[in-house]
Amino acid sequence: MNRRSVERHILVVNEQGLRRGELSGEVRRWMDALRYSGKVATWAIIYLDYAYLMRGLTIVTVVPVPARFRARLRRLTARRKGNSR
């Protein structure tokens, strides 16, 4: 991806991704463990099947979400889209 594409992608991730406050249970604990393990990221957000660990608007790393959480995250995303109409 070129720089401009990455910048647009970050904006989409920030706008449409799931934040920590929208998560609960095992998914939230997994995300917290990721975020605090390296002590590099200041926040994390889940978009599609990936967790984006970021510092400011800089992507530190992107980690795939484990398969056991994907169905739950899709339901959360669908519910969120349904509420925005």
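Basis of the calculations
- Residues numbered from 1 in each chain as written.
- Predicted model: local features only at pLDDT ≥ 70, side-chain atom pairs only at ≥ 80, totals over all residues.
- Heavy atoms only, no water.
- Pairing = 2+ DSSP bridges.
- Helix = DSSP H or I, 4+ residues; strand = E, 2+ residues; numbered from the N terminus.
- Buried < 20%, exposed > 50% of the residue type's maximum accessible area, 1.4 Å probe, protein only.
- pLDDT = per-residue confidence, 0-100.

### Some remarks on the pairing of strand β2 (residues 50-55)
In step 1: Where strand β1 (residues 43-47) lies against β2, five bridges are found, and the strand directions are antiparallel. Across the sheet, residue I46 finds its bridge partner in β2, namely A51.
In step 2: Relative to strand β3 (residues 58-64), β2 runs antiparallel, the two sharing six bridges. Looking at β3, one finds that L53 is bridged to T61.
In step 3: Between β2 and β3, which pair antiparallel and follow one another directly, the connecting turn spans two residues, one of which, G56, has a positive phi of 65°.

### What to know about the pairing of β1
In step 1: Judged by how many residues are buried, β1 sits mostly within the fold: four of five residues are covered.
In step 2: With antiparallel pairing between neighbouring strands as the criterion, β1 and β2 make up a hairpin whose turn holds two residues, including L48 at a positive phi of roughly 55°.

### Some words on the confidence of the model for the chain
Reading predicted coordinates in detail is not appropriate for stretches of low pLDDT.
In step 1: Per-chain confidence: the chain averages 86 in pLDDT, with 96% of residues scoring 70 or above.
In step 2: Highest mean pLDDT in the chain belongs to β1 (90); lowest belongs to helix α3 (residues 67-83) (86).

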